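# Report on the structure
What follows is the residue order along each chain.
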Amino acid sequence: MTRRPRPERRRDLAGLLGPDAPDLTQPSAPDRLLPLDRLIVGSVQPRREFDQRSLDSLAQSIRTHGVLQPILVRPVGDRYEIVAGERRWRAAQQAELTEIPVVVREMDEPEARRLALIENLQRDDLNTLDEVDAKLELVSQVLKIPLTEARARLMRMLREPAGPDHAALDTLFDSLGEQWTSFARNKLKILNWPPALLDAVRSGLAYTAAQQIAQAPEAHHAALITLAQGGATRAQLREKIRSLQNQTSGAAPTRQVARLLGSSRWLKTLTAAEQKDLDSWLSKMPASLRKKLE
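Basis of the calculations
Residues numbered from 1 in each chain as written. Predicted model: local features only at pLDDT ≥ 70, side-chain atom pairs only at ≥ 80, totals over all residues. Heavy atoms only, no water. Core = buried A, V, L, I, M, F, W, Y, C linked by side-chain atoms within 4.5 Å. Buried < 20%, exposed > 50% of the residue type's maximum accessible area, 1.4 Å probe, protein only. Helix = DSSP H or I, 4+ residues; strand = E, 2+ residues; numbered from the N terminus. Contact = heavy atoms within 4.5 Å. Phe/Tyr/Trp six-rings, centres within 6.5 Å; stacked < 30°, edge-to-face > 60°.

## Focus on the nonpolar core
- Among the nonpolar cores identified, the biggest contains 42 residues, and Leu154, Leu169 and Leu205 are the most heavily contacted of them.
- With eight residues, helix H5 (residues 128-143) is the largest single contributor of residues to this core.
- Excluding its chain neighbours within four sequence positions, the residues that come into contact with Leu205 are Leu197, Ala200, Ala210, Ile213, Ile225, Ala228 and Gln229.
- Within the second largest apolar cluster, 20 residues are counted, among which are Leu39, Val67, Trp89 and Val104.

In structure tokens:
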């Protein structure tokens, strides 16, 4: 089978929704200006947290240059719901603007949600867990299956011959600059990680650091997360994990011996010669350890 080349990341929507889709990253002519208080944040918005320092910086830019890129909205009753560009809307409020340029499009809620998800995926500060969640939701929309089935469906499709669903995912992920097969094989593994590690990723822990921590025993994750959040390099994390793994492997034989010596059933299986060897071995125990056993 010929391997598909990695698609170039396209920061637009044409690859998914067709040539008439609005480009959310390139300057475009607004349809009109709307008062800020006519706009609402609706249920289609996947993003709920905004870095205040980033908003402050954008607000200052807007005070100087204005809003350079119109936001995308859809009419809902007598108001307009923000589909893409909520961050600009918030910064415009902070900059004390009274109106903002908009592009108005009629669209239903699933289409609006899809556009909002794609815009959110273009964020530079998007963490990997939110990325995985968003892409799985897009997969569920494109394949028209429940979100709860999207992950399992992707894994099955890796083993199936190419068909219409494969082509649909090729189109979707081409617009995101990624191959769906790579996403399924690599990034979906994050969903198997323990909750504490996932929480750290959602809070900003780098995916590369989290990948390393996931290889260590879960009992050590909290300490390793703290180390990574404190600025440890990948090399320092690798060294710490290697040290912990050596400690764990070194302690395992000790625990096994203690377990066997405490088992009357195991002791009864020993032959007379084996019992003699054991007594001889125990007689050589250091005095410090013998004292602890008394």
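Picking up where we left off.
## Things to note about the packing of aromatic side chains
- One pass over the full model with this rule turns up two aromatic pairs.
- Here the aromatic rings of Phe173 and Phe183 are separated by 5.4 Å at their centres, their planes lie at 40°, and the arrangement is tilted. With Phe173 in helix H7 (residues 164-175) and Phe183 in helix H8 (residues 180-185), this residue pair connects regions lying ten residues apart in the sequence. For the pair Phe173 and Phe183, one class covers both residues: buried.

## Some thoughts on the environment of Phe183
- Assessed through its relative accessible area of 0%, Phe183 is described here as buried.
- Sequence-wise, Phe183 and Phe173 are ten residues apart; in three dimensions their C-alpha atoms are separated by 9.1 Å.
- Phe183 has contacts with Val132, Lys135, Leu136, Leu154, Phe173, Glu178 and Leu188, leaving out every residue within four places of it along the chain.

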